[in-house]
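Listed below are the residues making up each chain.
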Amino acid sequence: PKPTDRADWHKWLKENAPKSLGLDALLDQLLSNSRSTESTDPWIQWAFNKGPKPAQFDELESWLKGTAPKSSKQNAWLSWVLGRGDRPKAELDAWEDWLGKKIVDRSPERANDVWAQANSRFTTPINAVQVNSSEWESPNGVPLGGILFGGRVYSSVQPMLMQTPNGFGPYDGLMMFVQATAAQGSATDTKTDPYANDGFYATAMRLHAQEWIDFMGDTPYFHVNWFQRVGKRFLWPGYVENIRLLARILGFIKNGPAESVETPVGHMPLPGSMDLRGLNLSSEDLSKLFGIDQELWDAEMNRRDKFLEEVQVLVDEDTKQPTGYYDLLPTKILAMHYETKNKFEQWKRLEQW
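Residues numbered from 1 in each chain as written. Predicted model: local features only at pLDDT ≥ 70, side-chain atom pairs only at ≥ 80, totals over all residues. Heavy atoms only, no water.

What follows concerns empty space enclosed by the protein. Tallying each qualifying case throughout the model produces two cavities of 30 Å³ or more. Approximately 70 Å³ is the volume found for the largest cavity. Lining of the largest cavity is provided by V153, V157, Q158, D172, M175, M176, F177, H223, W297, E300 and R304. No other element matches helix α10 (residues 294-311), which puts three residues into the lining of the largest cavity. Residue composition of the lining of the largest cavity, grouped by class: six nonpolar, two polar and three charged. Taken as a whole, the second largest cavity holds about 60 Å³ of empty space. Around the second largest cavity sit M162, T164, P165, F168, Y171, D172, P264, V265, W297, R304 and T340, which together line it. Here the residues of the lining of the second largest cavity are counted per class, giving seven nonpolar, two polar and two charged. (1 Å grid on protein atoms, 1.4 Å probe; cavity = no way out; pocket = protein on both sides within 12 Å on 5 of 7 lines; lining within 4 Å. Points joined across faces, edges and corners; volume = space filled by probe spheres on them. Helix = DSSP H or I, 4+ residues; strand = E, 2+ residues; numbered from the N terminus. Nonpolar A, V, L, I, M, F, W, Y, C, P; charged D, E, K, R; others polar.)

The following block contains the structure:
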């Protein structure tokens, strides 16, 4: 990562800048805190207002910024880094917060108020994503090889990768269990988040579940969770390394459950069936990422029982109180739940944990 303190910048540039830029003389002088202007070096002459901007300035800016367009703001920051001028002030004139209020107009009492609403997201047009498929806008659609669901779960109750039993995707999606988002409470809180869509339902849960049953059919379904933690340490590195999980999912789709272990909730890949080279994961971390903990899953099955009981009770729209009447979920969902529970009980008796 590039540094932020000017002295650190000088050290970083000394080690990393292309020698063709000819920065060494200026950087040596800046690192020694010398203010001498006796040198005829063009960078030193420019930095102390004794000469024009060096011809390599644009080359340096291009190297630092990649393909970003030139701007006076970038030049101002670069000039500060190289010892010429004061550190530029942040340009806030055009910035507004999520309520449409200008940041620069804030009173001292509101200076530290948040800029964005707690549930806001950064988005960009899909056609700006260079790796997007050329078939994205095809009116004919594309073959559906698999469906992935997943949420942020810090505990090991949800393994990193699991293929559910055939046809059980609608049940697993309904039972999703995640950490709350910032807009829903503390990130340490947990909540049930059916189909990753809690709070956005336009129909009864019964109808929504049936829609997923009809849509998924027997399409291979996978549940992922790359957010497991021990304390504040994430067990899985995430980001670009998630391609390893996607490659393993393609293996599931192509070869079935080979090199995996069957559990009551689906097939878990054996760690040896994934390319984990270079990650330096301990055996203890692997057991948490790819394992099932009996105590955690006993609590999880109790949570699912309670959720199914609550979600089927009709609530009066005016009083928000239970009516005593039930809006039963599809029979298929309930059958999947009881089959899963029975499998867990068998596992416990056989001590297969």
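Before going further, it helps to spend a moment on the pairing of strand β9 (residues 266-269). Where strand β8 (residues 260-263) lies against β9, four bridges are found, and the strand directions are antiparallel. Within β9, the position partnered with E262 by the bridge is H267. The hairpin formed by β8 and β9 contains two residues between the paired strands. (Pairing = 2+ DSSP bridges.)

With that out of the way, let us pick up the environment of W297. Here W297 lies in helix α10. For the pair W297 and S156, spaced 141 residues apart in sequence, the C-alpha to C-alpha distance is 9.4 Å. In this structure the side chain of W297 is engaged in a polar contact, spanning 2.8 Å, whose partner is the backbone oxygen of V157. (Polar contact = N/O pair within 3.5 Å; in protein donor to acceptor, adjacent residues only side chain to side chain.)

Tallying each qualifying case throughout the model produces 16 aromatic pairs. Taking 5.5 Å as the distance between ring centres and 70 degrees as the angle between the ring planes, the aromatic pair formed by W46 and F57 counts as edge-to-face. Of this pair, W46 sits in helix α3 (residues 42-47) while F57 sits in helix α4 (residues 57-65), and the two are eleven residues apart along the sequence. For W46, a relative accessible area of 3% translates into the label buried. (Phe/Tyr/Trp six-rings, centres within 6.5 Å; stacked < 30°, edge-to-face > 60°. Buried < 20%, exposed > 50% of the residue type's maximum accessible area, 1.4 Å probe, protein only.)

Another aspect to go through is helix α2 (residues 24-31). Those residues of α2 that sit buried are L26, L27, Q29 and L30. For α2, the buried positions fall inside an angular range of 160 degrees around the axis, keeping them on one side. Buried positions along α2 lie against α1 (6-16) and α3. Directly beyond the C-terminal end of α2, a positive phi value near 60 degrees is found at N33. (Arc of directions from axis to C-beta. Contact = heavy atoms within 4.5 Å.)

The pLDDT averaged across the protein works out to 84; a share of 91% of its residues lies at or above 70. The element-level mean pLDDT for the protein is lowest in helix α5 (residues 72-81), coming to 70, with helix α6 (residues 169-174) highest at 94. Note on residues 67-72: pLDDT is under 50 here. Beyond four places in sequence and across chains, it has five contacts. (pLDDT = per-residue confidence, 0-100.)

Let us now look at the pattern of salt bridges. Across all of its chains, the model carries 17 salt bridges by this definition. A salt bridge links R303 to E300, with the shortest nitrogen-to-oxygen separation between them at 2.7 Å. Highlighted residues: R303 and E300, both in helix α10, separated by three residues, approximately one helical turn. You'll find R303 and E300 in the same group, each marked buried. (Salt bridge = Lys/Arg side-chain N within 4 Å of Asp/Glu carboxyl O.)

In this section: the side chain of T340. Position of T340 among the secondary structure elements: in helix α11 (residues 331-350). The class of T340 is buried, set by a relative accessible area of 3%. Polar side-chain contacts of T340 include one of 2.8 Å to the backbone oxygen of M336.

Most often, soluble globular proteins have nonpolar side chains that are buried together. In terms of nonpolar packing, the biggest core is built from 29 residues, with F149, Y171, L174, V265, W297, L329 and I333 touching the most fellow members. Listed by contribution, the elements that provide at least two residues to this core are β1 (147-150), α6, α7 (205-216), α10 and α11. The contacts of F149, once residues within four sequence positions are left out, are M176, Y195, A196, W212, M216, Y221, F222, H223 and V224. Membership of the second largest hydrophobic core comes to 21 residues, among which are L23, L27, A47 and L60. (Core = buried A, V, L, I, M, F, W, Y, C linked by side-chain atoms within 4.5 Å.)

At a closest axis distance of 11 Å, the pairing of α10 and α11 adopts a crossing angle of 155 degrees. Our classification of the angle between α10 and α11 gives roughly antiparallel. At the point where α10 passes α11, the crossing takes the left-handed sense. Mapping the contact onto sequence places Q294, W297, D298, M301, R304, D305 and L308 in α10 and L334, H337, T340, K341, F344 and K348 in α11. Residue composition of the contact of α10 with α11, grouped by class: five nonpolar, three polar and five charged. (Axes fitted to C-alpha atoms, helices over the stretch in contact; angles between N-to-C directions. Parallel < 35°, antiparallel > 145°, perpendicular 65-115°, else oblique. Left-handed = near helix turned anticlockwise from the far one by under 90°.)

What follows covers the environment of K53. If you trace the backbone, K53 turns up in the loop between α3 and α4. Its relative accessible area of 43% is what places K53 among the partly exposed residues. The residues touching K53, leaving out its near neighbours within four places in the chain, are W46 and N75.

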